[in-house]
Structure formats: C-alpha cells, structure tokens
Amino acid sequence: MKRVFAHIGFSFALTLVILNLISIKGVLVVFMTASALFVVPLLINKTRKAVAIPLCLFSAVLACLLFYSTYYANFLPQISLDSKVAETEFYVVELEEQNEYGYKYTVKTKSIDIAGAPQNIKLSLKSKDKIPADYYQVVKGELEFNKISDSGFQSYGSFGENVFLKAKTLKYAVTDNFIKSPNKYILDLRVKIKNLFYNELPNDNASLSLALVTGDKREISSQIKNDFKSSGASHLMAVSGLHLTVVAGSLYFLLKKLRLPEFPRVIISLFVVAFYVALSGFSKSIIRAAIMMFVFLIGKLFKEKSDLLNSLGFATFLICFNPYAVTDAGTMLTVTAVLGLATINNEIIKLYSPKNKILSYCYKVIVASFSIFVTTFPVMYISFGTVSLIGIFINIIFIPIAQISLVSSLLMVLFQFIKPLLFCFAFLSKISTDILILITNYCAKISFATANINSVTVGLLISAIFLIFGVSFMIKKKNTLKISSVIAIVLSFIILVSSYFINYNNVYVREIDGYNSKAVIVYDKDNAVVIGVSDSKQYYVVSGLVENKKLNISMIIDTSDSKYSKKIAENYSIDNYVLNKKNKSIDEVKCSNIVLLNDFDVDLWDTLNVKYISNEYETEVTLKIYDSNFYYKFNNKYNYNNNFYNDSDVVYTFNRYGFSDWRVNQWQK
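Just so it is clear, the structure is predicted and the values come from calculations on it, not from any experiment.

### Some thoughts on the overall build of the protein
Across its full length, the protein carries 19 helices and 21 strands. A total of 669 residues make up the protein; the buried ones form 48% of that total. If you take every contact in the protein between residues at least 6 apart in sequence, the share linking residues at least 24 apart comes to 63%. Accessible area for the protein stands at about 33,000 Å²; split by element, carbon and sulfur atoms hold 62% of it.

This is the structure in structure tokens:
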C-alpha cells in the first residue's frame, strides 16, 4: 500500500483533535468504538484486503491509548498542584520574556517539596523582578502553582509544549549548582545572536531579524505582530520549511559546487539541520520541517525520491507523541499548510503553468498561497475566527523580501567579526525588514485585509465540504473528485456571499488577552465600545480592529486608570470616556465627554445597551444586546449565539487588575 505513514499520521492526528474536544469519558467511548470498528473489517474479506481502513482505525486506537495514558500519568498529577504553594528547586531552560509587568520564564523543576508531587516538570514562571541566574543554574524558591487550563485548546499552545502549570515566585535564592545540558550552549548562542542584532539594527528591525533566524518572537511589538497577522504574513516569523529550505538548500548547493561527494554532503547537511532545530528552540513547525528534510536527504543517499505526503504523515505521527500537540494552532497550521502544497497546489500546477519566468513565479506563489489558504481555513476558523484575504496575493512580495532578510541576517551572524561585511549585511537586513514592516502596516489598514469567519454558517460549510470530499474518496469513480471540487467551490461562493449579507450588521463581543488581564471590545459594522484596555497588547489589538473596520468608538470604559485607554482616546475620535472618580489623571483624557463614577444605563446603539456600576473595589459592566444573532469570543475562540433573543445579557466584572470574570444572566420577560 502506498503512503502508509500518510494514513497513520493523519488518522492519528485527526483522532487526537477529536479527543481534545471531548471529556475523558468520551475518550473511552471513542476507544471502544474504534476498537470495534477495527475488528469488524478484519472479519470481512473485502475490507481486510483494503489495508487502508483497518490501518486508519488501528491508528485511532493507538491515539486513544496514548491520550488516555498521558492524561492520567502526566496531566492529572501535575494539575493536582493547582493553588498550592511549595518550596521548589528549578532552573531556566528558555530565553526569558520581559513585559511591563515583569518577567516570564520557562523552567524545569528539580524538586517540589510536596508529598506525592510530580518531579522534573516543565512550567511557566512569572516574576516581578529578573531572576539573577544563568540558564540551567539551580534556583531555590517558594512558588505558588496554578493550572493553565482544563483543556488543550484553551491553553494557547502551552499543553503542546508539555506545560500544564504556571507559577509565580513568592521568594527565591540563586545557588551555585548547575544542571549539565548541551542546550545551555545553544541558549548562550541565541543570546549572542540577539545582542548582535540589537547592537547593529534598530529595535523593530532587530526583533524581526531575530524572529526570522531563530523563530523567537518575544521581542516583536504587538503592533508588528498584528500587522503581520492581518496581512497573512505571520508564517514568515515562524521558523519552518521556508527557513530550513533556505538554510539547508543553500548549504547543500554550496557543497555541491565545491564538488564534495554525496555522502559527506548529506551528513554535513543533516548536522546543520539538527543544529538549526536546536537554535530555533525545537518549535513544532521546525521539527516537522526537519523530519521531512531528514527523509529527503537520507533518500538521496539511497537514490530514492521522497513522497511529500508520506513524509508529512511520518512527521505528524512523531509530533503527535505529545497528544496535546494538535491543540497548538502553530502546529496545526504548519501541517495543514504543507498538506495544501502537497495536494491542491500540485494538482493546479499540473493543469497550467505560464512559460514566462516572472509570470510563472507570480502564478506559482498565488497558487501556493491559495492552496495553503484552503487547507488552513478550518484551523483559522477553530483557533482565530478570522482569515487574511490579502495574504494570498501579497506573498508575491513578502516571500522574496523575507528570504533576502533571512539570508542577510544569517550572514551577519557568520561574518560578525569582519566589520565591513557585517556593515553591508546589516544594511541589507535593515532595508529588507523595513520594507516588510512598511508593507504589512499598510496592508493591515486595508478594510478587506481580513475577514471574520466565526459564524455557524462557515462551520457548516467546512463540515459540508469535508463530507463532500469524504464521499468522493469512498466512491472512487472517474471524475468524482473534479465534480466534488466544483460543487464545493459553488457551495462556498453561495454560502459565504449570503452569509456576508445576512451577518452584515451583527454585533460582536470579543475578549482580548493581555499580559495579566483581559479587555473587552463590542462592535458592529459602524461602532465600538472598548472596556478595560490596560496594556500594550490589548491596545494594539483594539487599534488594529478600529482602523481595519473604520469603527467609531462610542465609549471607552477605563476600569484601571490605564495610559493605554487614554492613548486610544488620544488617537481616535470617541464620544464618551468613562473614568472612575478616584482616578487622578482626568486632564490626560482628550475627550469632551468624561463620565466620573456615575452609574448609568444607556442605549448606545439600536442593538446595544450598556449598564455601568462601579465602587472602590470593582467595576461591573452589563451588555444587553438587542440582536437575535451575535457573536462572543471567549478563550480566543468565537462562539455563535442565537438563543439570547432579547432575554439575556453578558455581565463583565473588572477589579483593579483588569477583567476578572464574566457571566450570562437571563432577563425576566
């Protein structure tokens, strides 16, 4: 049977996606169902010969066993530490992240002084002050543990990194002990690369170059991140196949020109690939790309041509040894993107390819972008609720400029001790990153740059397309796949166009994560209400949304006397600014209508009522939405609600630190 690993890997991953969406009791049901379905085909001669069916079902059974064992052996023991305080020995294993509230570390514990507690676990640690310890230097301290989430899809990728707990330091002391690990030398090298970029380039250029070379996006400003996301260029900042192809491909080509024999050429390339994976922090996207590159290079030794789908399936299978890896949006995006290139892209290119080199390049980039757009669409729907439309075409410019920036940044590292060359490559890196920042900033402001896909209609469309193609693959008759493609395209056009007009004036309620708080923005096609913006991440998300949709801000409710709420008022035209009376910085607010503490209950639009109650401890904001269909976004995922029909509201409570709770109240009819 062809493509054995494709069947195994994709079946394994799809099963894990389902398991992460259901309860642990549901996992047992899936396991028993998959086991029964696996046995039945073996008893029937026709299905027994069709190896693909039992192989996929067996993969599903293995996925259930892996998930179940990981849940009880790893997840439950760790979250048993939730809300507990313990003396702990730990050491830092990743570069720290600094924000306006302090420092965030990824650490591993050496010991936790609680009877029966799991040892040697990885967790996310917050500290108000910088911990004066080297990487892998043991620190003794008192930590307060909290679970990150109850499920993988709500962990924002943490579960995919085997991080189930977060902690904060109550006290600590650095020891003289060190844990021996080769990764310490990699981290030291990454620090040197970071310092090199920041010494030779302006801050924004340096942070972008660092992301392109190592995948480290910690230093990139929220505005640049949002601009890249809106422009469909976020993939350039995640080290993956594009980056590894440039690095390994350039090296292999150079060694070939130097007439080095095949065997040492491949071995050297393999070592460089492995080193680059370590330098990039072992992200899932680079691991996937590295596995496929390993298969490709080893195939050259045996004169075998690797199959892209089979290699992708093998890489997916290995990544899924952590059953929570599929809950990381980055992992799903990189796998589905390559899936689009291996399937849709190849089929379209076979049909037509221009002979002119420039037209051929543009055509291939657009086809590749479209193919990736199609296969990543379900992931974008599940994880973000928005997609970039402009990215399909703008990648024609993005990709070559990003390659120039990547190569020039790498050459900066290689030739840093030769000052004239360092200056030339730094200049080239600055120019190329400047162009990327300028273009993404401009594209992000275009009103049609992104589109909301967070409706039930889109979800049903995705399900229908999966069903159409599933049936076509089962029938396996001539032209069935082509007919299915035509039906899917026509159906997509009809549903999306009709959905646009139906949902044109819907109300959206969205929560926005910050460093230590959450804000809320409510908006329709014209107006917005902004509540509780208290840090830079929230500011840039709100600014991007307001600019992208050309929204008028009807009201800002400042719950914590935040300079970022005031900055929004300064940069945009607003109607009302609500500020607590105890706040001292009233004069800083550039708005003619300032409301001080006075509780109110007003209809801002035809479809929105806002009720405000505040005291010295907390602020309560109640949203009454007079719209039978509205969307709310909690835990970074849009949900559609059509059951509220003038009989419910959403209540948000903010303490001095930001958004702390929400609930839905039923109105009395």
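### As for the packing of helix H1 (residues 4-19) against helix H11 (residues 308-319)
In the contact formed by H1 and H11, the axes pass within 7 Å of each other and the chain directions differ by 40°. The orientation of H1 with respect to H11, classified from their angle, is oblique. Crossing handedness for the pair H1 and H11: left-handed. Every residue of H11 that contacts H1 at Val4, Phe5, Ala6, Ile8, Gly9, Phe10, Phe12 and Ala13 is listed here: Leu309, Asn310, Leu312, Gly313, Phe314, Thr316 and Phe317. Of the residues in the contact of H1 with H11, the class split is 11 nonpolar, 4 polar and no charged.

### Here's the deal with the pairing of strand E12 (residues 552-558)
Most of E12 sits inside the fold, with 6 of its 7 residues counted as buried. Bridge count between strand E11 (residues 527-531) and E12: 5 bridges; the pairing is parallel. What sits directly across from Val529, in E12, is Met555. A crossover links E11 with its parallel partner E12, the connecting element being helix H18 (residues 536-549), and its sense is right-handed. Pairing of E12 with strand E13 (residues 574-579) involves 5 bridges; the strand directions are parallel. Residue pairing across strands places Ile557 opposite Val578, the latter belonging to E13. Following the backbone out of E12, through helix H19 (residues 563-571) and into the adjacent parallel E13, one traces a crossover that is right-handed.

### Side note on the nonpolar core
Core analysis: the biggest nonpolar cluster contains 29 residues, and Phe197, Leu244, Val273, Tyr276, Leu297 and Met412 have the highest contact counts within it. Within the residue set of this core, elements represented by two or more residues are helix H5 (183-200), helix H6 (203-214), helix H8 (241-257), helix H9 (262-279), helix H10 (284-301), helix H14 (391-414) and helix H15 (419-444). Examining the composition of this core, we find that 6 residues originate from one element, H9, more than from any other. Ranked by size, the runner-up nonpolar core spans 24 residues in total, among them Val107, Ile112, Phe145 and Ala167.

### Let's talk about a positive patch on the surface
Positive charge collects at one region of the surface, where Lys104, Lys126, Lys166, Lys217, Lys225 and Lys537 lie side by side. Position of Lys537 relative to the elements: it lies in helix H18.

### Remarks on the packing of aromatic side chains
In this structure the tally under the stated criterion is 20 aromatic pairs. With centroids separated by 5.1 Å and ring planes inclined at 80°, the aromatic side chains of Tyr71 and Tyr72 adopt a geometry described as edge-to-face. Their ring planes at 35° and their centres at 5.3 Å tell us that Tyr71 and Phe75 sit as a pair that is tilted. Highlighted residues: Tyr71 and Phe75, both in helix H4 (residues 52-79), separated by 4 residues, approximately one helical turn. The residues Tyr71 and Phe75 share a single accessibility class, namely buried. Following the ring pairs from residue to residue traces out a cluster consisting of Phe67, Tyr68, Tyr71, Tyr72, Phe75, Phe159, Phe164 and Tyr324.

### Describing a nonpolar patch on the surface
There is a patch of nonpolar side chains on the surface, built from Leu14, Ile18, Leu21 and Ile22 and spanning about 370 Å² of accessible area. Relative to the elements of secondary structure, Leu14 occurs in helix H1. Classification of Leu14 by relative accessible area gives exposed; the value is 55%.

### Quick look at H9
With 18 residues, H9 extends 26 Å between its outermost C-alpha atoms, agreeing within 8% with the 26 Å of an ideal straight helix rising 1.5 Å per residue. Regarding H9, the residues found buried are Arg265, Val266, Ser269, Leu270, Val273, Tyr276, Val277, Ala278 and Leu279. Residue Gly281 follows H9 closely and has a positive phi angle near 80°.

### Section: the packing of H10 against H11
Two elements in contact, H10 and H11, have axes separated by 9 Å at closest approach and are oriented at 135°. If you check the angle between H10 and H11, you find them oblique. The handedness of the crossing between H10 and H11 comes out as right-handed. Counting all contacts with H10, which are made through Lys284, Ile287, Arg288, Ile291, Met292 and Val295, the residues of H11 involved are Leu308, Ser311, Leu312, Phe314, Ala315, Leu318 and Ile319.

### Observations concerning unusual backbone geometry
Positive phi, close to 70°, is recorded for Ser83, a residue that is not glycine. Mapped onto the elements of the fold, Ser83 is located in the loop between H4 and strand E1 (85-92). Located in the positive-phi region is Arg259, a residue other than glycine, with phi close to 60°.

### As for the confidence of the model for the protein
Taken residue by residue, the protein gives an average pLDDT of 80. The fraction at 70 or more is 84%. Ranking the helices and strands of the protein by mean pLDDT puts E1 first, with 94, and strand E19 (residues 637-641) last, with 39. Every residue in residues 664-669 scores below 50 in pLDDT, and together they form 17 contacts with partners more than four places removed in sequence or on other chains.

### Some details on the environment of Cys424
Tracing the chain through its elements places Cys424 in helix H15. Spatially, the C-alpha atoms of Cys424 and Met412 are 8.6 Å apart, while their sequence positions differ by 12 residues.

### Let's talk about H10
With 18 residues, H10 should cover 26 Å at 1.5 Å per step; its first-to-last C-alpha distance of 26 Å lies within 8% of that length. Buried residues of H10: Lys284, Ser285, Ile286, Arg288, Ala289, Ala290, Ile291, Met292, Met293, Leu297 and Gly299, and no others. Looking at the buried side of H10, the elements it contacts are H8, H9, H11 and helix H12 (329-351).

### Points about the pattern of salt bridges
Side chains bearing opposite charge may pair, as long as their charged atoms lie close to each other. Evaluated as defined, the whole model comprises 14 salt bridges. When the shortest N-O distance is used, the salt bridge between Glu94 and Arg218 registers 3.7 Å. Placement of Glu94 in the loop between E1 and strand E2 (97-99) and of Arg218 in the loop between H6 and helix H7 (222-230) is noted, with a sequence separation of 124 residues between them. A relative accessible area of 24% places Arg218 in the partly exposed class. One salt bridge connects Lys194 with Glu219, and the closest N-O pair in it is separated by 2.9 Å. Placement of the pair is Lys194 in helix H5 and Glu219 in the loop between H6 and H7, with a sequence separation of 25 residues. When salt bridges with common partners are traced through the structure, they connect Glu94, Arg190, Asp216 and Arg218 into a single cluster.

Criteria and cut-off values
Residue indices follow the written sequence of each chain, beginning from 1 at its first position. Since the coordinates come from a predicted model, pLDDT governs what is reported: local features require at least 70, and pairs of side-chain atoms require 80 or more to be given and counted, while whole-chain, interface and lining totals use all residues. Side-chain numbers come from the whole structure's heavy atoms, not from hydrogens or water. For helices the rule is a DSSP run of H or I covering at least 4 residues; for strands it is a run of E covering at least 2, with both sets numbered from the N terminus onward. Relative accessibility decides the category of a residue: with a 1.4 Å probe and only protein chains considered, values under 20% of the type maximum give buried, values over 50% give exposed, and everything between is partly exposed. Residues are treated as being in contact if the distance between any of their heavy atoms lies within 4.5 Å. Under the convention used here, a 1.4 Å probe and the Shrake-Rupley method define accessible areas, while residue burial counts only the protein chains that appear. The angle between two axes is taken between their N-to-C directions and runs from 0 to 180 degrees, where each axis is a line fitted to C-alpha atoms and a helix contributes only its stretch in contact. Under this scheme an angle from 65 to 115 degrees is roughly perpendicular, one under 35 degrees roughly parallel, and one over 145 degrees roughly antiparallel; angles in between are oblique. Each helix crossing is assigned a hand: it is left-handed if the near helix lies turned anticlockwise from the far helix by less than a right angle, otherwise right-handed if that turn is clockwise. Following the grouping adopted for this structure description, the nonpolar residues are Ala, Val, Leu, Ile, Met, Phe, Trp, Tyr, Cys and Pro, the charged ones are Asp, Glu, Lys and Arg, and the polar ones are all others, Gly among them. Whether two strands pair depends on DSSP finding at least two bridges between them. A clockwise course of the path from the first strand over the helix to the second, judged with the strands pointing away from the viewer, identifies a crossover as right-handed. Take the buried Ala, Val, Leu, Ile, Met, Phe, Trp, Tyr and Cys residues and link them wherever side-chain atoms come within 4.5 Å; each set so joined is a nonpolar core. Each patch is built from residues lacking any salt bridge and having more than 30% relative accessible area; the joining distance is 9 Å for like charges and 5 Å for nonpolar side chains (Val, Leu, Ile, Met, Phe, Trp, Tyr). Counted as salt bridges are all cases of a side-chain nitrogen of Lys or Arg within 4 Å of a carboxyl oxygen of Asp or Glu. In summary, the charge assignment counts Lys and Arg as positive and Asp and Glu as negative, without counting His or the chain termini. For the purpose of locating charges, the reference atoms are NZ of Lys, CZ of Arg, CG of Asp and CD of Glu. Planes of paired rings set the category: under 30 degrees apart is stacked, over 60 is edge-to-face and the rest tilted, where pairs are Phe, Tyr or Trp rings (Trp by its six-membered ring) whose centres lie within 6.5 Å. In this scheme, a helix's expected span is set at 1.5 Å multiplied by one less than its residue total. You can read pLDDT as the predictor saying how much it trusts each residue, on a scale of 0 to 100.

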